[in-house]
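Structure assessment
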Amino acid sequence: MATTLTIDYGADKVLDTAVSHLQLPAGGLTGMTFVWEARKSSTDATPYLTKTPTITTAGSSTVDGVLSTSLSAADTTALPRYTTVLFWRLLITDTGAKTSIADEGPLVVVVS
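Read on for an overview of the structure. Every value quoted in this text rests on a predicted model; they were computed, and no experiment measured them.

Thresholds, definitions, all that
- Residues numbered from 1 in each chain as written.
- Predicted model: local features only at pLDDT ≥ 70, side-chain atom pairs only at ≥ 80, totals over all residues.
- Heavy atoms only, no water.
- Helix = DSSP H or I, 4+ residues; strand = E, 2+ residues; numbered from the N terminus.
- Contact = heavy atoms within 4.5 Å.
- Pairing = 2+ DSSP bridges.
- Axes fitted to C-alpha atoms, helices over the stretch in contact; angles between N-to-C directions.
- Salt bridge = Lys/Arg side-chain N within 4 Å of Asp/Glu carboxyl O.
- Buried < 20%, exposed > 50% of the residue type's maximum accessible area, 1.4 Å probe, protein only.

**Topic: the environment of Arg 81**
With respect to the element layout, Arg 81 can be found in the loop between helix H1 (73-76) and strand E7 (84-93). Beyond its immediate stretch of four places on either side in the chain, Arg 81 contacts Tyr 9 and Val 111.

**Brief notes about the sheet that holds strand E3 (residues 33-39)**
Sheet strands line up and pair through hydrogen bonds in the backbone, either parallel or antiparallel. Strand order in the open sheet formed by 5 strands is E1-E8-E7-E3-E4, with mixed pairing between adjacent strands. A single partner strand is all that each edge strand has here, and the edge strands are strand E1 (5-8) and strand E4 (49-51). Across this sheet, the average inter-strand angle for adjacent strands is 25°, counted without regard to direction.

**Here we look at the pattern of salt bridges**
Summed over all chains, the structure comprises 3 salt bridges. Between Arg 39 and Glu 37 there is a salt bridge, with the nearest N and O atoms lying 3.0 Å from each other. Judged on exposure class, the residue Arg 39 and its partner Glu 37 are both buried. Residues Glu 104 and Arg 89 are paired through a salt bridge, measuring 3.0 Å at the closest nitrogen-oxygen approach. Here Glu 104, found in strand E8 (residues 99-110), pairs with Arg 89, found in strand E7; they are 15 residues apart in sequence, far enough to count as distant. Note on Arg 89: relative accessible area 15%, which makes it buried.

**Quick word on the pairing of E3**
Most of E3 is tucked away, with 5 of its 7 residues classed as buried. Sheet topology note: the E3/E7 ladder contains 7 bridges and is antiparallel. Bridge pairing in E7 links Arg 39 to Phe 87. Taken together, the 3 bridges between E3 and E4 define a ladder with antiparallel strand orientation. For Glu 37, the partnering residue across the bridge sits in E4 and is Thr 50.

What follows is the structure, given as structure tokens:
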């Protein structure tokens, strides 16, 4: 998927991201680890921001899971202080230590 997310610079934001049941085992997201990243581009080596999402809905092999990433005002001020488009990515690592991209796409930072 390529989901576009929009956040306001200097404001709190909760980002809910669905993880397709096609990516999940019978136990869903339980036991997996997650990392949400904001980067300058998809090829940038160092993220501006890294957060650990929490499970909202564990899901299963037949039900999509949902992860929630909370960004504080302090987190969003770590991003560039001008209206720009960055890149975000949600990585999941399963219990066998295999990492995959659950979702990614443009991250629009709006400065009012």
